Amino acid sequence: MRHGFIRTAAVTPKIQVADTKGNGAETIRLAREAAENGAKIIVFPELGITGYTCSDLFLQELLLKSAREELFHIARETADLDALIFVGLPWEKDGKLYNVAAALCGGHLLGLVPKLHLPNYGEFYELRHFTPGNQEVEDVWVPEEGEDGDYINFGTKLLFTCEELPGLSVAAEICEDVWVPNPPSIGHALAGATVIVNCSASDETTGKNLYRESLIGGQSARLVCGYIYANAGEGESSQDLVFGGHNIIAENGTILAESERFTSETIYAELDIARLVGERRRMTTFRTDNSRSYVEVGFHLKKEDTELSRYVDPAPFVPGSDSDRQRRCEEIFAIQYMGLKKRLEHTHCKTAVVGISGGLDSTLALLVTVKAFDSLGLDRSGILGVTMPCFGTTDRTYRNACDMVEKLGATLKEVDIREAVTIHFRDIGHDPDVHDVTYENSQARERTEVLMNLANQAGGMVIGTGDMSELALGWATYNGDHMSMYGVNAGVPKTLVRHLVRYYADTCGDEKLSGVLLDVLDTPVSPELLPPKDGEIAQKTEDLVGPYELHDFYLYYILRFGFEPAKIYRLAQKAFADVYDKETMLKWLKVFYRRYFAQQFKRSCLPDGPKVGSVAVSPRGDLRMPSDACSALWLAQLETLE
């Protein structure tokens, strides 16, 4: 349970209709198997002890009595399991029959949650046998054969809270309850439940599985919760229906695990309770309601590390499939160029000035500017692509910069800044043979001065090229490439910049332009502020600040979820196990935190620019952070990691 992870299971046993003892034995066997596989919350289908399709057999006293006895047998036989278990059965109370989910832990019956919404349409006729449950919780005397019995909580407003994992609060609903306009799970979540379990018996019809996926995924998203859906399967009567055992485990809109239909299968997934709690904390519109009349029932689990089997995406900013990636790139381009279009319209600018280095970021900025001009019906010749060779410029990047501007129909202007920078060195008394930060930043600031003055001269605006990853690391020269009149890339992480440029290369329809863009993609990322070695780039950014794929991973979990360094490091080990060793990952995580805190002053005065994804670093939007915040707390934890 370290870092808030807890392993869960949705189980579909193969049953026999009305065979309570056989079904109980299978439930016990599969509960033990799930617990042995590390599951701490185990969910079985609706009416699983008897079978959902008993029909009028539910009116037989012997079946009801046997189902109750089998529930206590299951409780006794699973007493040694370190898990919270939910099983379904019919339960008689006050002369009425209820469809309930029973919560078991440590050999004890913790509570009974009745089904609220009983379908009586189409193939369903539950009102023939069952009574809708109570929302309010009442104490029900439950005698056990040969024992005195005890009072048990009965009602839908039950929260099962774990003493050892803060934030883990579990509530239940049953099948149809989640299909109605106002599901009980809404109230459960607003009362504090972070995990919803659903004991279900949803039959299969053509296309129903797709709706079920959408329903469960969507409910977990709107409630910012984990959702465990266990469905009835093989063994239910096929007199008129077939049940496919379609199990789903979802977390905040993402389906973590899903079973094959028409099999009796157990699925597993780790829910990140800390992530859910943090997300609710961040969302000020998610308001829990403590006035709701819920009853909390505590349960205990051993404190153990949860082994992670869930997939951790090494590129959280980049969609995994080609089709999703193409759609995302198209969407991001639209956000970028529509933002710039509005700014050009508002300022009545007919000229845009872009510094072109032959690198990825300036390439993307130029492509976005082209799309903005096209959408406004402006001539591309109004785009001034400026190349400013200096001490570190290589032939490759210079040639790509010039070719790109010309092939896009923009206006190319070359301003060689070597002499100007040399004069500046003389004026401030700097030795040009000393290749320090002054040597590098003088070039970056000279380039920005050229761009700004050209924009003034042409009545245009300077389009910023820096991306979000550079801004997070502070890898920008203050009042140099850090500054512009509109930063189109400010919300785009470096790992996504590559895919945007590749997308344009693949879809532009110009073979020669595509060739230039592909060569830009193959060029090492570099500010080119140090002289080349044998004509090749001597200064490679990722050698200095670390791999951008690692930094973007760290950035995502720091900004999006506020995870502590130890948890991010653990996730990185899962995501990059075959790419980097632990020492390398930890080294660059330390670099990230140091730079992230130390360089906030650069982000505090960023130019305007559009947000394109779930996180951003704008001081006017997502990241309002003091420029002089102390990093000691985070760095101290990093020093404890191995």
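For the structure itself, consult the block above.
Now for a look at the structure at hand. Keep in mind that this is a model prediction, so the values were computed, not measured.

Reading the values: the criteria
- Residues numbered from 1 in each chain as written.
- Predicted model: local features only at pLDDT ≥ 70, side-chain atom pairs only at ≥ 80, totals over all residues.
- Heavy atoms only, no water.
- Helix = DSSP H or I, 4+ residues; strand = E, 2+ residues; numbered from the N terminus.
- Expected span 1.5 Å × (residues − 1).
- Buried < 20%, exposed > 50% of the residue type's maximum accessible area, 1.4 Å probe, protein only.
- Contact = heavy atoms within 4.5 Å.
- Pairing = 2+ DSSP bridges.
- Axes fitted to C-alpha atoms, helices over the stretch in contact; angles between N-to-C directions.
- Core = buried A, V, L, I, M, F, W, Y, C linked by side-chain atoms within 4.5 Å.
- Parallel < 35°, antiparallel > 145°, perpendicular 65-115°, else oblique.
- Left-handed = near helix turned anticlockwise from the far one by under 90°.
- Phe/Tyr/Trp six-rings, centres within 6.5 Å; stacked < 30°, edge-to-face > 60°.
- Lys NZ or Arg CZ within 6 Å of the ring centre and 35° of its normal.

### A look at helix H8 (residues 395-407)
Side chains that are three or four residues apart share a direction in an α-helix, a result of its 3.6 residues per turn. With 13 residues, H8 extends 18 Å between its outermost C-alpha atoms, agreeing within 8% with the 18 Å of an ideal straight helix rising 1.5 Å per residue. Those residues of H8 that sit buried are Thr397, Asn400, Ala401, Cys402, Met404 and Val405. In the core, the buried residues of H8 are packed alongside helix H7 (360-376), strand S17 (383-387), strand S18 (411-414) and helix H13 (511-522). Remark: Gly409 follows H8 within two positions and exhibits a positive phi of approximately 80°.

### Remarks on the sheet that holds strand S14 (residues 266-272)
As a general point, the strands of a sheet are linked pairwise by backbone hydrogen bonds and lie either parallel or antiparallel. Within the open sheet, the eight strands sit side by side as S6-S7-S5-S4-S3-S2-S1-S14. Their pairing is mixed. Two strands in the sheet have a free side with no partner beyond their single neighbour: strand S6 (138-142) and S14. Looking at each pair of strands side by side, their axes are set apart by 30° on average, direction ignored. The pairing of strand S3 (residues 84-93) with strand S4 (residues 96-105) spans nine bridges and is classified as antiparallel. Within S4, the residue paired with Ile85 across the bridge is Leu104. On the sheet, helix H1 (residues 20-36) packs against strand S1 (5-11), strand S2 (41-43), S3 and S14 and is oriented at approximately 150° with respect to S2. Against the sheet, helix H2 (residues 61-77) touches S3, S4, strand S5 (108-114) and S6, its axis set at about 155° to S3.

### Focus: the nonpolar core
Counting 90 residues, the largest nonpolar core has Phe553, Tyr554 and Tyr557 as the members making the most contacts within it. Among the elements that take part in this core, helix H15 (residues 548-561) stands out by supplying 10 residues, more than any other. Ignoring sequence-local partners within four residues, the contact set of Tyr554 consists of Ile568, Ala572, Met585, Trp588, Leu589 and Phe592. In this structure, Cys105, Ile228, Leu271 and Ile273 belong to the second largest nonpolar core, which totals 55 residues.

### Observations concerning the packing of helix H16 (residues 565-575) against helix H17 (residues 582-598)
At a minimum axis separation of 10 Å, H16 and H17 run at an interaxial angle of 140°. Classified by the interaxial angle, the pair formed by H16 and H17 is oblique. Considering the relative orientation of H16 and H17, their crossing is right-handed. Every residue of H17 that contacts H16 at Pro565, Ile568, Tyr569, Ala572 and Gln573 is listed here: Lys582, Met585, Leu586, Leu589 and Tyr593.

### Details of the packing of aromatic side chains
Each aromatic ring pair is specified by the distance between its two centres and by the angle formed by the two planes. Applying the stated criterion across every chain, the model contains 28 aromatic pairs. Relative to Phe576, the ring of Phe553 lies with its centre 5.3 Å away and its plane at 80°, an arrangement referred to as edge-to-face. Of this pair, Phe553 sits in helix H15 while Phe576 is found in the loop between H16 and H17, placing the two residues 23 residues apart along the sequence. Given a relative accessible area of 0%, Phe553 falls into the buried group. Ring geometry for Tyr596 versus Phe597: centroids 5.8 Å apart, planes at 90°, classification edge-to-face. Accessibility assignment for this pair places Tyr596 and Phe597 in one class, buried. The side chain of Arg68 reaches across the aromatic face of Trp91, ending 4.0 Å from its centre.

### As for the sheet that holds strand S9 (residues 169-174)
Taken together, the seven strands give an open sheet; going across it, the order is S13-S12-S11-S10-S9-S8-S15, and neighbouring strands pair in mixed fashion. With partners counted over all chains shown, the strands left at the sheet margins are strand S13 (254-258) and strand S15 (295-299), one partner each. The mean angle between the axes of side-by-side strands here comes to 25°, regardless of whether they run parallel or antiparallel. In this sheet, strand S10 (residues 195-200) lies alongside S9 in parallel orientation, the contact comprising five bridges. Note that in S10 the partner of Val170 across the bridge is Val195. Strand contacts of helix H4 (residues 208-222): strand S11 (226-231), strand S12 (248-251) and S13, with the helix running at about 35° to S12, the strand carrying the most contacts.

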